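Analysis of the macromolecular model
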Amino acid sequence: MTTSPKERKVLTRRHLLAVAATAAMVVVAESLPDGTAPTAKAEPPAPKPGPSTPSGTGTGWMPGAERKPLNRNFTPGARDAQRGLILHVQEGEGSLYDRFSDPKQRSSAHFWVSQAGEIEQYVSVDDRAWTQGSGNPSWASVETSGFATRPLTDAQVDAVARIYAWGMAEHDWPQALADSPDARGLGTHHMGGADWGGHECPGSLRSAQREDILRRAGEPPAAPPAA
């Protein structure tokens, strides 16, 4: 059977459309086994600031503390509870930022308090500091400058109380003493036993000051001096 030029043009156009349709079906069949049409994927959300970088909007960084975020020697996230705060003694003096920044040390704490009452924060309490062995996932930690043979200064007691008052407000730490890893409140490194390194830290003198810390943490903030 012969066809006219006009008929051949119509057939050619239909043939091209059929080929295009078949190719589209093949693409769909190859990309989705059930034959459904693929859908466009949404762009992934922009990454959040790294956990070692204070964003200024999270609850893991205490207002009023000097923020000195570490970039090593801690685990981002990895907190399974907010049981409270563990009191430590430094057995030395001076800021611990450089020590905790040393990759050879493999240790850190969330807070450090000087004998003058200055507070430095190295790790967000939403992240895991490397302070007290198996207690790290559940507890925040504070190192206090000085030695176990000497009590906390009054300024240190007040500073630790401010940390604890903030934790009570932001993380529901109870105003209570903790004397075992399963409790909640203000505890000591010593209470964790061998699983926490088997230390006597912070010593009996500083451990006995926890009641005063908790009492001050529950008091309303002092009014600013009159101008």
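A brief structural summary. Please read all numbers here as calculations on a predicted model, not as lab measurements. (Residues numbered from 1 in each chain as written. Predicted model: local features only at pLDDT ≥ 70, side-chain atom pairs only at ≥ 80, totals over all residues. Heavy atoms only, no water.)

1. Details of the overall build of the protein
As a reminder, the rule being used: Working definition: helices are DSSP H or I runs of at least four residues, strands are E runs of at least two. Numbering for both runs from the N terminus. Relative accessibility under 20% of the residue-type maximum defines a buried residue, over 50% an exposed one, and the middle range a partly exposed one, all with a 1.4 Å probe and only protein chains included. The contact criterion used throughout is that any non-hydrogen atoms of two residues lie within 4.5 Å. The Shrake-Rupley method, run with a 1.4 Å probe, gives the accessible areas here. Residue values count only the displayed protein chains as cover.
When helices and strands are counted, the protein shows five helices and eight strands. For the protein, the N- to C-terminal ordering of α and β elements is α-β-β-β-α-β-β-β-β-α-β-α-α. Buried positions account for 37% of the 227 residues belonging to the protein. Considering only contacts within the protein whose residues lie at least 6 apart along the sequence, 71% involve residues at least 24 apart. Here the protein displays about 13,200 Å² of accessible surface, and carbon together with sulfur accounts for 56% of that area.

2. Brief notes about unusual backbone geometry
Residues cysteine 201 and proline 202 are joined by a peptide bond in cis, for which omega reads 5 degrees. One can find proline 202 in the loop between strand E8 (185–188) and helix H4 (204–207). At asparagine 73, a position not held by glycine, the phi torsion is positive, near 65 degrees. One can find asparagine 73 in the loop between strand E1 (66–67) and strand E2 (74–75). With a relative accessible area of 6%, asparagine 73 lands in the buried category. The phi dihedral of aspartate 172 falls on the positive side, at around 60 degrees, and the residue is not glycine. Here aspartate 172 is to be found in the loop between helix H3 (154–171) and E8. Looking at aspartate 172, the relative accessible area reads 56%, which means it is exposed.

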